[in-house]
Amino acid sequence: MIYAVAAYLHFLAIFLLIALLVLEHQLFRLPLTLERARSLFRIDLMFGIAAGLVLTTGAARALRYGKGLDYYLHNSLFHAKIGLFVLVALLSIYPTVTFLGWRGALKAGELPKVSARTGRWVTLSIRVELLVLLSIPLLAASMARGFGVIV
């Protein structure tokens, strides 16, 4: 039963991560409002926490509640999944740094200034994150069916 609970928690964390990123994508549009800027700041913080939960629950599954670390380390699709997750993390740096830069303005009750160029880059980063994130379950499903095993 604990294996099912571990899988459930991992999937729940993944769904939360995707939902928060979709919400971020929906809320980030120029011109910003103070309310949306505050929401984006909080949602991005929750996105980081959800990413940590995905990583933690995934590690628990790989180390203890899955098919065993040896299986995962000898599977090329597992390495691809981890690589794509790292890519999502790297892509999320630009929006996160942008939103963190708003902290002072938001605390003062002011609307953060966002240039059109910054807006385009944040939007592009979020969209590429979504695209990459949505490709990971295909690798996971393939891996679960025995594909990618390195002999």
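Residues numbered from 1 in each chain as written. Predicted model: local features only at pLDDT ≥ 70, side-chain atom pairs only at ≥ 80, totals over all residues. Heavy atoms only, no water.

With that out of the way, let us pick up helix 1 (residues 2–27). Owing to its 3.6 residues per turn, the α-helix brings residues three or four apart onto one side. Taking 1.5 Å of rise per residue, the 26 residues of helix 1 would be expected to cover 38 Å, and the 37 Å separating its terminal C-alpha atoms lies within 8% of that figure. Restricting attention to buried positions, one finds in helix 1 the residues Ala6, Ala7, His10, Ala13, Leu17, Ile18, Leu20, Leu21, Glu24 and Leu27. Looking at the buried positions of helix 1, the neighbouring elements they touch are helix 2 (34–65), helix 4 (76–91), helix 5 (93–100) and helix 7 (116–144). (Helix = DSSP H or I, 4+ residues; strand = E, 2+ residues; numbered from the N terminus. Expected span 1.5 Å × (residues − 1). Buried < 20%, exposed > 50% of the residue type's maximum accessible area, 1.4 Å probe, protein only. Contact = heavy atoms within 4.5 Å.)

Turning next to a nonpolar patch on the surface. Together, Met1, Ile2, Tyr3, Val5, Tyr8, Leu9 and Leu12 make up an exposed nonpolar region whose accessible area comes to about 760 Å². Relative to the elements of secondary structure, Leu12 occurs in helix 1. (Patch = residues over 30% accessible without salt bridge, like charges linked within 9 Å, V, L, I, M, F, W, Y side chains within 5 Å. Areas by Shrake-Rupley, 256 points an atom, 1.4 Å probe, with all protein chains shown as cover. Salt bridge = Lys/Arg side-chain N within 4 Å of Asp/Glu carboxyl O.)

Once that is clear, we can look at the layout of surface pockets. Taken as a whole, the largest pocket encloses approximately 670 Å³ of empty space. Every element with two or more residues in the lining of the largest pocket is listed here: helix 1, helix 2, helix 3 (69–73), helix 4 and helix 7. Examining the composition of the lining of the largest pocket, we find that 7 residues originate from one element, helix 7, more than from any other. Of the residues that constitute the lining of the largest pocket, the class distribution is 20 nonpolar, 2 polar and 3 charged. (1 Å grid on protein atoms, 1.4 Å probe; cavity = no way out; pocket = protein on both sides within 12 Å on 5 of 7 lines; lining within 4 Å. Points joined across faces, edges and corners; volume = space filled by probe spheres on them. Nonpolar A, V, L, I, M, F, W, Y, C, P; charged D, E, K, R; others polar.)

Okay, the side chain of Lys81 next. Tracing the backbone shows Lys81 in helix 4. Among residues more than four places away in sequence, those in contact with Lys81 are Ile136, Leu139, Ala140 and Met143.

Take the nonpolar core next. Counting 26 residues, the largest nonpolar core has Leu17, Phe28, Leu40, Trp102 and Leu133 as the members making the most contacts within it. Taken together, the elements giving at least two residues each to this core come down to helix 1, helix 2, helix 4 and helix 7. When neighbours within four sequence positions are excluded, Trp102 is seen to be in contact with Phe28, Leu32, Ala37, Leu40, Pro112 and Val114. One finds Ala62, Phe78, Leu139 and Met143 within the second-largest nonpolar core, a separate group that totals 6 residues. (Core = buried A, V, L, I, M, F, W, Y, C linked by side-chain atoms within 4.5 Å.)

Here the focus is the confidence of the model for the protein. In regions of low pLDDT, the predicted coordinates are not meant to be interpreted in detail. Looking at the protein, the pLDDT average stands at 94 and 100% of residues meet or exceed 70. When the elements of the protein are averaged for pLDDT, helix 3 gives the smallest value, 86, and helix 5 the largest, 98. (pLDDT = per-residue confidence, 0-100.)

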